[in-house]
Amino acid sequence: MSNFLTEIFQVLQPWIPHLLPVSIVLFVFQKFGGSHIQPWFFSKVYSPLLSDYHVKYRSIKKEHFDSMKNHVSADLALRKKGALRILEIGPGPGYNFEFYPANSELTVVEVNPFFEEQFFKKQVEHPYIIMDRFVVGYAENMKDVPDNSVDVVVSTIMLCSVRSIEGALQEIRRVLVPGGKYYYWEHIRDYDNFWVRFVQNLLSYTTHDLVFGCRLNRKTDEVIKANKCGFSSVEQKRFRTPLQPGFGQLRVIHSAHVKGIATK
Ligand SMILES: C[S@@+](CC[C@H](N)C(=O)[O-])C[C@H]1O[C@@H](n2cnc3c(N)ncnc32)[C@H](O)[C@@H]1O
């Protein structure tokens, strides 16, 4: 038992000095400061973290999105240009622009309005993507996006934060044209390391409710595979993002991932 506690403490120790004070400050802000403090904090703190994540895993993300260029739009005018109508959910500061075929039309649904400014700054670097709309809203209720209207839906490390994965998947299926594709890339509950799962369970309250809006222990892979909302096919693969030495090893906490393509 004491070995077990020592191991857990060793894994948690580097996090404690950062998570504890931040959690306390956020808790106080949330209680007394109104509901906009947490999203504002996310948008400021998340951006460099997401940039680092994106740079580290850019090449494997690129491989995943590569097949998008072979997908054919249901819209004749876009088809002629080799472009697509794309909906990205939860783009945050906008690190996925580079994966989209040139001349594609992009709508985004993002719950956090504080990301809008960073997102449009990033768009300037990708003028070959045509911005349609930035909708502030929830994946689980995309009422501003019509039925059967987009060729491709994209989400990256977003389903860890939604209130209902099934609700989001239903909405994604609704807005896709028949034959449309949902590309996803999500971190998930560790599938073969008991200790990592244990720590993920321990940290999930802090990471979800207080700090990042993210649950480390979600079985997103299993929920999508169960396919309750009726995609015609779901092709997915679990994988681990590579770990760097030293402090990079701490990323083991969210190294289990799933990537896939679901077709309507
Ligand atoms: C971890 S960040 C990922 C950002 C971006 N997709 C990336 O890979 O860099 C999660 C994003 O999903 C957004 N989000 C969380 N819950 C959401 C929901 N229910 N509907 C839409 N967006 C949501 C967050 O505001 C945030 O921008």
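A quick note: this is a predicted structure, and the numbers were derived from the prediction, not measured.

The rules behind these values
- Residues numbered from 1 in each chain as written.
- Predicted model: local features only at pLDDT ≥ 70, side-chain atom pairs only at ≥ 80, totals over all residues.
- Heavy atoms only, no water.
- Core = buried A, V, L, I, M, F, W, Y, C linked by side-chain atoms within 4.5 Å.
- Buried < 20%, exposed > 50% of the residue type's maximum accessible area, 1.4 Å probe, protein only.
- Helix = DSSP H or I, 4+ residues; strand = E, 2+ residues; numbered from the N terminus.
- Contact = heavy atoms within 4.5 Å.
- Near = heavy atom within 4 Å.
- Polar contact = N/O pair within 3.5 Å; in protein donor to acceptor, adjacent residues only side chain to side chain.
- Areas by Shrake-Rupley, 256 points an atom, 1.4 Å probe, with all protein chains shown as cover.

### Overview of the nonpolar core
And step 1. Within the largest apolar cluster, 27 residues are counted, with the highest numbers of intra-cluster contacts made by Leu-87, Ile-89, Met-142, Val-153, Leu-159, Ile-172 and Tyr-182.
And step 2. Only β1 (85-89), β4 (150-156), α6 (165-175), β5 (176-187) and β7 (256-263) provide two or more residues apiece to this core.
And step 3. Considering each element in turn, this core owes the most residues, five residues, to α6.
And step 4. Among all residues touching Leu-87, those that are not within four sequence positions of it are Thr-107, Val-108, Val-109, Met-142, Val-145, Val-150, Val-152, Val-153, Val-154 and Val-175.
And step 5. Membership of the second largest hydrophobic core comes to 17 residues, among which are Phe-99, Ile-129, Phe-134 and Tyr-183.

### Considerations on the site of the ligand
And step 1. The full set close to the ligand counts 21 residues, and Gly-90, Glu-110, Ala-139, Glu-140 and Thr-156 are the nearest of them.
And step 2. Take Glu-110: an N or O atom from its side chain is 2.5 Å from an oxygen atom of the ligand.
And step 3. Within the contact set of the ligand, a nitrogen atom lies 2.9 Å away from a backbone nitrogen or oxygen of Ala-139.
And step 4. Within the complex, the protein chains bury 95% of what would otherwise be the 590 Å² of accessible surface of the ligand.
And step 5. Mapped onto the shell around the ligand, the elements with two or more residues apiece are α3 (37-65) and β2 (105-110).

### Regarding unusual backbone geometry
Excluding glycine, residues mostly carry a negative phi; peptide bonds, for their part, are mostly trans.
And step 1. In the Ramachandran plot, Asn-103 falls in the positive-phi region, its phi being about 75° despite a non-glycine side chain.
And step 2. When you line up the elements, Asn-103 lands in the loop between β1 and β2.
And step 3. For Asn-103, a relative accessible area of 31% gives the class partly exposed.
And step 4. Unlike most non-glycine residues, Asn-148 shows phi in positive territory, near 45°.
And step 5. Looking at the secondary structure, you find Asn-148 in the loop between β3 (130-136) and β4.
And step 6. With relative accessibility at 42%, the residue Asn-148 sits in the partly exposed group.

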